[in-house]
Amino acid sequence: MTRALPWIGLAALAVAPLIGIGNYPLHMLIQVLLWGFVYTGWSIMGRLGMVSFGHGAFLGIGAYVVVMGWNQFGLTPWIGLPIALALTAVIAFLIGYPCFRFKIVGHYFALVTLALSEVTRLLIVALRDQTGGSLGVTPKTALTESSYSLLALQFSDKLVWFYVVLLVWLAGLWVWNKVDRSMARLALEAISQEEDAAASIGINVTRLKLGVTLISALMTCVGGALYAQYQAYVNPDTVSGIGISLQMVFGVIAGGMYVRLGPTVGAAFTLLLAEGLRLMFGNSLHALDSTIYGLMLVLFIIYMPKGILGGALAAMQRRKPASAGA
Amino acid sequence: MQIFDIFLLESVLNGLLLGGLLALLSLGLNLVFGVIDVIWICYAELIMIGMYAIYYFYVVFGWPLPLAMAAGVLLVAAAGAALHQFVIRPVLAAEPINQLLVTGGVLFFLQAAATLAFGIEFKNIGVTFPPIVIGEISFSMPRLIAFGVALAGMLAMYLFLTRTYLGTAIRAISQDRAIMPLMGVNPDRIFIITSALGGGLAGLASCLLVLQYDIHPAIGLSFGPITFLICVLGGLGNMVGGFIAAFIFAQFISVGGFFLAVEWGYVIAFLFFIAVMFWRPQGIWGSK
């Protein structure tokens, strides 16, 4: 029964839009899955002690390279995305290799990567003649005649987007699983505890960290590209810089960094909180949601560092032995 | 283009003035990190709160400007102490990264609360100074004041840390956190005082910034990242290193902005930072 539960949940999720849940809930679902995917990507390295504030850079590269390629050079996203991924891999390597080689960890790692996401944001703003600067940019529409264009990766039907994002999200969870089951994860956990000791028993610290960083960065890049295509609008502040980078970290923490669905729960929680408060109070108090969100984050980190799902699962674990004995 | 011209000289000198301001910004953060081993990611948001406080005391309540500024400094100092007492203290024993993240939560909270309370309109205290012109070079008066006050503030901090008993205790505890309680120093008390001092320095910075910039809830984001990077570049907790790094950064921003656009100055400064990190991960003047 417990083994079947995830499959039932997944089937329910997959058919939910078909029974007509309306445009707005569908939009919410797509957002949750899309950000759930990005947050999952972040957590793959975050849970192993590498807290990166630099993922805004990879998100921005994914979003902007694809949109710019299409707008400036007429490159289909099918070519633009591989270019963005290649660029992401190069940058992740250029930042990661020296960081791991010279053991830049903890605070220093967070702040070096923070510089990376700020550089990306500033570059997008500075290249305003090409990128539109702070005003953002819209991919040129290819939907003049039909309601979808596979070549331009543009679909006016949200249902198509839902299934695209669902598949990508599932792929993200699969990657999470793969990393979780690998020897590399055990080795990396050892590294995050005590790096020198891990190195002394023959773990190649630099290579393992780089591998995980690459996976995480590439996932974030894909998420950025999808986000830009889905929203059909990007601007430097929503896809790069310190703001979005912190938001990723906090989404993951709120949901639970150490469990598979934690990041997705975090994405759902933050989105529902924002939307719920917006519906309740209207747009007049438009910062109320972030105020409460910020306050909850502080409380979470102090009192519930495992996050919502992590905390709930831990509580269930504690109750289980008691009920088995009864 | 002639490389050495009067405008280049002007931007170098303006960079020098900016350096003084950035040095003051990094001082409070370095002090807190050096003693408590925590980075206040929300440091620039404390400055933002101070700027709003001064605006309200001066413009809305009609207090004289010096009184409004003094009240602003005290308020931010209290906020610093409160930050330590209610947010940092509970996670002091947790993993270091949690301490970084919890202040990041405070960043979100302060920024959003300011938007909620004050709106997103830009506010300005409306105090203007005529520019000072020497030869062909013109200086902005608030920048000159900021430079002078920043240097005076740092000197005062230096004297406090080296010439008073409390300052000595603060320096001692930053050198060995474990042994000082055995020497009869109460770390809790020192931490609170340090946090209030760090907050006070943030308050002083807000007095200087409020003369030059419009106030809005996101203003912290334009000073925060640069301040962290200066501290890391100088070696976290190393106040002299931070001081020198501030001037290096300011020159990159000012002169880079002179040759290209302002954002390029920042881009170059940040790339320089990343490059230095690979050369000396502990910061240029870091000890370890």
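Residues numbered from 1 in each chain as written. Chains lettered and ligands numbered in written order. Predicted model: local features only at pLDDT ≥ 70, side-chain atom pairs only at ≥ 80, totals over all residues.

**Concerning the overall build of chain B**
Put simply, the rule is: Here a helix means four or more residues in a row that DSSP labels H or I, a strand means two or more in a row labelled E, and each is numbered from the N terminus. Only the C-alpha atoms count toward the radius of gyration. The rule for a globule is 2.2 Å times the residue count to the power 0.38.
Regarding its fold elements, chain B presents 10 helices and 2 strands. Traced from its N-terminal end to its C-terminal end, chain B shows the element sequence α-α-α-α-β-β-α-α-α-α-α-α. The C-alpha radius of gyration computed for chain B amounts to 19 Å, which stays within 12% of the reference 19 Å derived for 288 residues, consistent with globular compactness. Principal axes of the C-alpha set define a box for chain B whose edges measure 65 × 50 × 35 Å.

**Some details on the overall build of chain A**
How we decide: To sort residues by burial, count the other C-beta atoms lying within 10 Å of each one's C-beta; a count of 20 or more means buried, 12 or fewer means exposed, and anything in between means partly exposed. C-beta atoms are built from the backbone. Once C-beta atoms are placed from the backbone, any two residues with those atoms within 7 Å are in contact.
Secondary structure summary: chain A contains 15 helices and 2 strands in total. In terms of overall dimensions, chain A is globule-like: its C-alpha atoms have a radius of gyration of 20 Å, near the 20 Å expected for 326 residues. In terms of overall dimensions, chain A has C-alpha extents of about 65 × 50 × 40 Å along its principal axes. Each of the 326 residues in chain A was classed as buried or not, and the buried ones make up 45%. Once local pairs closer than 6 in sequence are excluded, the contacts in chain A between residues at least 24 apart make up 74%.

**Focus on helix α10 (residues 205–231) of chain A**
Each full turn of the α-helix corresponds to 3.6 residues, which orients residues three or four apart in the same direction. Heads up, the rule is: Expected helix span is taken as 1.5 Å per residue step, with the number of steps being one fewer than the number of residues.
Taking 1.5 Å as the rise per residue, α10(A) with 27 residues should run 39 Å; its terminal C-alpha atoms sit 39 Å apart, in good agreement. After α10(A) finishes, the residue Ala232(A) shows a positive phi value of roughly 55°.

**Looking at the nonpolar core**
Spelled out, the test is: Core membership is restricted to buried Ala, Val, Leu, Ile, Met, Phe, Trp, Tyr and Cys residues, and these are joined into a nonpolar core through C-beta atoms within 7 Å.
Within the largest apolar cluster, 194 residues are counted, with the highest numbers of intra-cluster contacts made by Ala63(A), Leu22(B), Ile54(B), Leu229(B) and Phe249(B). Top contributing element to this core by residue count: helix α1 (residues 6–36) of chain B, with 14 residues. Excluding residues that lie within four positions of it along the chain, Phe249(B) makes contacts with Leu22(B), Ile226(B), Ile230(B) and Ala269(B).

**Structural notes on the interface of chain B and chain A**
Inclusion rule: Think of it as three bins: nonpolar holds Ala, Val, Leu, Ile, Met, Phe, Trp, Tyr, Cys and Pro, charged holds Asp, Glu, Lys and Arg, and polar takes everything else, Gly as well.
Taken residue by residue, the interface counts 38 residues in chain B and 38 residues in chain A. If you list the elements that add at least two residues to the side of chain B that touches chain A, you get α4 (96–118), α8 (219–233) and α10 (262–279) of chain B. Among the elements that take part in the side of chain B that touches chain A, α4(B) stands out by supplying 15 residues, more than any other. Residues that form the side of chain B that touches chain A fall into these classes: 33 nonpolar, 4 polar and 1 charged.

**Examining the confidence of the model for chain B**
Note the threshold: Think of pLDDT as the predictor's per-residue confidence, scored from 0 to 100.
Residues of chain B with pLDDT of at least 70 account for 95%, and the chain-wide mean is 84. In the model output, the complex is listed with pTM 0.85 alongside ipTM 0.78.

**Digging into the packing of helix α5 (residues 106–126) of chain A against α8(B)**
Heads up, the condition is: With axes taken as lines fitted to C-alpha atoms, and helix axes fitted only over the stretch in contact, angles between N-to-C directions fall between 0 and 180 degrees. Roughly parallel covers angles under 35 degrees, roughly antiparallel covers those over 145, roughly perpendicular covers 65 to 115, and oblique covers all other angles. Handedness of each helix crossing follows the sense of rotation of the near helix against the far helix: counterclockwise by less than a right angle gives left-handed, clockwise gives right-handed.
Running from N to C, α5(A) and α8(B) point in directions that differ by 135°, and their axes come no closer than 10 Å. Between α5(A) and α8(B), the crossing angle belongs to the class labelled oblique. In the crossing of α5(A) with α8(B), the sense of the turn from one axis to the other is left-handed. Here Tyr108(A), Leu111(A), Leu114(A), Ala115(A) and Glu118(A) of α5(A) lie close against α8(B), whose contacting residues are Pro225(B), Phe228(B), Leu229(B) and Val232(B). Counted by class, the contact of α5(A) with α8(B) contains 8 nonpolar, no polar and 1 charged residues.

**Thoughts on unusual backbone geometry**
With the exception of glycine, the majority of residues adopt a negative phi angle, and the majority of peptide bonds are in the trans configuration. Non-glycine residue Ala232(A) carries a positive phi angle of around 55°. Relative to the helices and strands, Ala232(A) is located in the loop between α10 and α11 (236–239). With 14 C-beta atoms packed within 10 Å, Ala232(A) lands in the partly exposed category. Positive phi outside glycine occurs at Asp37(B), with the angle close to 70°. The topology assignment puts Asp37(B) in the loop between α1 and α2 (43–60). Residue Asp37(B) is classed as partly exposed on the basis of its 15 C-beta neighbours within 10 Å.

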